[in-house]
Amino acid sequence: MKKSLGLVFQDIFNSYPEVFSSAPGRINIIGEHTDYNLGYVLPAAIDLRSCFFLSRRSDKKVYLWAENFKKKDTFSLQKICYSEQNKWVNYVKGVFWALEEEGFNLQGINGLVWGDIPLEAGLSSSAALEVSIVQGLNTLFKLDLEPKRMAEIARRAENDFVGVKCGLMDQFISIFGQKNKALFLDCEILKYQLIPLDLEKAGLQILVFDSGVRRELSSSEYNKRCLESSRALELLKKYGIYSYKDATLSVLEERKDKINKVLLKRARHVISENNRVKKAVEAIKKSDFLMLGQLISQSHKSLRDNYEVSCPELDLLYDSAQEFSGCLGARLTGAGFGGSGIALIKKEKSDAFKNILLKEAGKRGFVRPGFYEVNIREGARANFLNKEGKE
Ligand code: GLA
């Protein structure tokens, strides 16, 4: 695929690309809506990626070609404005904007983007695009950025240019992911540990269930959850709870009559989810996949009832998993409100489970779901190409 993309680049720009970069999407095994609450997450990078070919220009213009949409876009680095027509281009613009804000004075480029991560499916296609852009620019212009800084720049693009107040999880895993390893990240101090997770060896698989539901609402609902959980923490400070990571459920429950019911539920989710992440890490280290599956399912229940970010289509995945003996656990992954879920399942039972989900979705009149059997793979990379645009 990559070779033919290089040829497309030559057709469009009449020159060879100088650098190729790529960055993966992710599944989050557990630890949902905990990143911006400075808690724990446990994502893994997957074998669906965003790819970027680029070469420098001598002016301050950026010429882009999006191979997925067969669309072009052009902008000047002297004035980077949000585009209402081409939403995809804002992730690219956002990275240039963030780099300029951080004091880099960049030249223009010709660039081609392509990816196989389904869009708006909760598999982090936007973070992968941002990370592939910052990696590519870092290599081409020899910016010498540390990987953590690249993750932060990519997040800044999304927070302050695109306008979604996301945490750092997606950009971080897209950079630091490794083959057959989950990444246990403390989002407060940004320390991480890579935890070996060879599912194939255990006869297991992560099945991604794409509900097909895409909600325009999701970014505003997402920002609302960020506000609610930070308000809840503000209230808890009165009772000596200064961080979700240090809070216990019993301390919260003792004060439950004094806290607004909605905020109480949000805090209940974040505190319990942090505990589940720590337990999940222990379970993986002991190869206790039954326990891992249970924690995954408990996470969904809390996201549904406490954080209220599920939807009937994703609940169908969860409900079906409870009744299907080859499935160890299932939950929504990513922000929720639609998008995807994951199921931890015995490999040989995967097809039977898919059929059940298809049938049940049909019975309920839901959109036909999609499925991806993903593998855990390495994070972003970038390298110079030779004079003919090849590796
Ligand atoms: C989205 C955001 C992440 C994280 C998840 C929810 O994927 O980009 O930062 O908050 O939602 O866990």
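So, here is what we can say about the structure in this document. (Residues numbered from 1 in each chain as written. Predicted model: local features only at pLDDT ≥ 70, side-chain atom pairs only at ≥ 80, totals over all residues. Heavy atoms only, no water.)

1. Description of the site of the ligand
- Near the ligand you find Arg-26, Glu-32, His-33, Asp-35, Tyr-36, Cys-166, Gly-167, Met-169, Asp-170, Tyr-222, Gly-334 and Ala-335, and these make up its full shell.
- In this structure, Gly-167 approaches the ligand through a main-chain N or O atom, which is 2.9 Å from an oxygen atom.
- Taking Asp-170, its side chain carries an N or O atom lying 2.7 Å from an oxygen atom of the ligand.
- Calculation on the ligand without its partners gives an accessible area of 300 Å², and the protein chains cover 93% of this total.
- Among the residues forming the shell around the ligand, the class breakdown is 5 nonpolar, 3 polar and 4 charged. (Near = heavy atom within 4 Å. Polar contact = N/O pair within 3.5 Å; in protein donor to acceptor, adjacent residues only side chain to side chain. Areas by Shrake-Rupley, 256 points an atom, 1.4 Å probe, with all protein chains shown as cover. Nonpolar A, V, L, I, M, F, W, Y, C, P; charged D, E, K, R; others polar.)

2. Quick notes on the sheet that holds strand E10 (residues 340-346)
- Strand order in the open sheet made by the 4 strands is E9-E10-E8-E11, with antiparallel pairing throughout. Only two strands of the sheet have a single partner each, and these edge strands are strand E9 (327-332) and strand E11 (370-374). The sheet shows a mean angle of 20 degrees between the axes of neighbouring strands, direction not considered.
- As defined by bridge partners, strand E8 (residues 204-210) adjoins E11 across 5 bridges and the pair is classed as antiparallel. What sits directly across from Ile-206, in E11, is Val-374.
- Its contacts with the sheet put helix H10 (residues 312-323) on E8, E9 and E10, and the angle it makes with E9 is roughly 165 degrees. (Pairing = 2+ DSSP bridges. Helix = DSSP H or I, 4+ residues; strand = E, 2+ residues; numbered from the N terminus. Axes fitted to C-alpha atoms, helices over the stretch in contact; angles between N-to-C directions. Contact = heavy atoms within 4.5 Å.)

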